[in-house]
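Chain by chain, the residues run as shown.
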Amino acid sequence: MEPQRLSKIMAQRGMCSRREADRFIERALVIVDGERVSELGTKVSPDADIQLVEAAEKHQAAQATFLINKPIGYVSAQPEDGHRPASDLLDRPNQWSEDRSPRKFHHGQLRGLAPAGRLDIDSQGLLVLTQDGRIARQLIGEDSSVDKEYLVRVTGHLSEKGLQLLNHGLSLDGKKLKPAQVSWQNKDQLRFILREGKKRQIRRMCELVDLKVVGLKRIRIGKVVLGNLPEGQWRYLGDRERF
């Protein structure tokens, strides 16, 4: 097998993101086949034994992942057009009173924070902001298999054929969409379960079958549910919670 960049292999194994891998390598916090590696760009065998030293593992354990019930009107990432980013909600007064995490909030947890799966400004519900590259890769990496569930209020008439197309058969940006699970939740609301996240995907899918989305709420990402988390509040991802 041809040697590959160590950082690439570490990311593929879910040990960390490639950027984090490079930082760990620079600090000699990676052990390959029993020896520490400190040179960026190092290539190793794809089946090499790779481990992180304790300092790197402690760094990963200290990284914070936040779950926010994002309200309409907030953007997921950087502020734009005068709209506030969801990260502005991350302060002590907005922490959910029922959060059982032993973590204590401090502003160092906001450094390097990034959304792992965006919600557009007109959508609400479960948004993940994380410092942990492993979680970001798991949720939005090209090979991600984590599904996301949405409740979508619509107007217009949906034929049986249209419902079939929503489940499988539509294309966006010249590419066929992966199969989805779409069903009626009630007379004016659909339930979508997707394993991809193209920009404004659900709204654009609905437009293709002559529906207009008037409300969109994400209620689940993998095994993690929005539950009773109040709108505009946040909690930590639990130490034993997994997507």
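Residues numbered from 1 in each chain as written. Predicted model: local features only at pLDDT ≥ 70, side-chain atom pairs only at ≥ 80, totals over all residues. Heavy atoms only, no water.

- Per an unreviewed UniProt entry, the chain carries the name Pseudouridine synthase and comes from Pontiella agarivorans.

## A word on the overall build of the chain
Working step 1: Along its length, the chain carries six helices and 16 strands.
Working step 2: Projecting the C-alpha coordinates of the chain onto the three principal axes gives extents of approximately 65 × 50 × 35 Å.
Working step 3: Excluding contacts between residues fewer than 6 apart, the proportion of contacts in the chain whose partners are at least 24 apart in sequence is 65%. (Helix = DSSP H or I, 4+ residues; strand = E, 2+ residues; numbered from the N terminus. Contact = heavy atoms within 4.5 Å.)

## As for the pattern of salt bridges
Working step 1: The tally for this structure, following the rule as stated, stands at 11 salt bridges.
Working step 2: Of the charged contacts, one joins arginine 134 and aspartate 132 as a salt bridge, the two residues approaching to 2.7 Å between their closest N and O atoms.
Working step 3: Overall, arginine 134 belongs to the partly exposed group, its relative accessible area being 29%.
Working step 4: The salt bridge partner of glutamate 241 is arginine 235, with a shortest N-O separation of 2.8 Å.
Working step 5: Arginine 235 sits in the buried class, given a relative accessible area of 13%.
Working step 6: Put simply, Asp120, Asp122, Arg200 and Arg203 are held in one network by salt bridges that share partners. (Salt bridge = Lys/Arg side-chain N within 4 Å of Asp/Glu carboxyl O. Buried < 20%, exposed > 50% of the residue type's maximum accessible area, 1.4 Å probe, protein only.)

## Digging into unusual backbone geometry
Working step 1: At alanine 28, a residue that is not glycine, the phi angle is positive and equals roughly 60 degrees.
Working step 2: Position of alanine 28 among the secondary structure elements: in the loop between helix H2 (18-26) and strand E2 (30-32).
Working step 3: Positive phi values are uncommon outside glycine, yet aspartate 173 reaches one of about 55 degrees.
Working step 4: Secondary-structure assignment places aspartate 173 in the loop between strand E10 (171-172) and strand E11 (175-176).

## Details of the packing of aromatic side chains
Working step 1: Scanning the model with the defined rule gives five aromatic pairs in all.
Working step 2: Through a chain of ring-to-ring contacts, three or more aromatic side chains come together here, namely Phe66, Phe105, Trp234 and Tyr236. (Phe/Tyr/Trp six-rings, centres within 6.5 Å; stacked < 30°, edge-to-face > 60°.)

## Remarks on the layout of surface pockets
Working step 1: Of the pockets and cavities examined, the largest pocket occupies roughly 930 Å³.
Working step 2: Around the largest pocket sit 34 residues that line it, and Gly117, Arg118, Gly197, Lys198 and Lys199 are the ones nearest its centre.
Working step 3: Of all the secondary-structure elements, those providing two or more residues to the lining of the largest pocket are helix H4 (133-140), strand E9 (148-155), helix H6 (201-208) and strand E14 (212-221).
Working step 4: Examining the composition of the lining of the largest pocket, we find that three residues originate from one element, H6, more than from any other.
Working step 5: Residues of the lining of the largest pocket, tallied by class, amount to 11 nonpolar, nine polar and 14 charged. (1 Å grid on protein atoms, 1.4 Å probe; cavity = no way out; pocket = protein on both sides within 12 Å on 5 of 7 lines; lining within 4 Å. Points joined across faces, edges and corners; volume = space filled by probe spheres on them. Nonpolar A, V, L, I, M, F, W, Y, C, P; charged D, E, K, R; others polar.)

## Some remarks on the pairing of strand E12 (residues 181-186)
Working step 1: Summarising the sheet, E12 and strand E13 (residues 189-194) pair through five bridges and their orientation is antiparallel. Paired with serine 183 across the strands is arginine 191, a residue of E13.
Working step 2: Remark: two residues form the turn of the hairpin made by E12 and E13, two consecutive strands paired antiparallel. (Pairing = 2+ DSSP bridges.)

## With respect to the sheet that holds strand E5 (residues 50-52)
Working step 1: With antiparallel pairing, the three strands of this open sheet are ordered in space as E3-E2-E5. The open sheet is flanked by strand E3 (35-37) and E5, the only strands paired with a single partner. Averaged over all neighbouring strand pairs, the angle between strand axes comes to 35 degrees, with direction disregarded. (Axes fitted to C-alpha atoms, helices over the stretch in contact; angles between N-to-C directions.)

## Describing H2
Working step 1: Taken as a whole, H2 has its buried residues at Glu20, Ala21, Phe24 and Ile25. Projected down its long axis, H2 carries its buried residues within an arc of 140 degrees, all on one side. Along H2, exposed side chains directed more than 90 degrees from the buried face belong to Arg19 and Glu26.
Working step 2: If you follow the buried residues of H2, they end up packed against helix H1 (6-12), E2, E3, E5, helix H3 (54-62) and H4.
Working step 3: Immediately beyond the C-terminal end of H2, within one or two residues, lies alanine 28, with a positive phi of roughly 60 degrees. (Arc of directions from axis to C-beta.)

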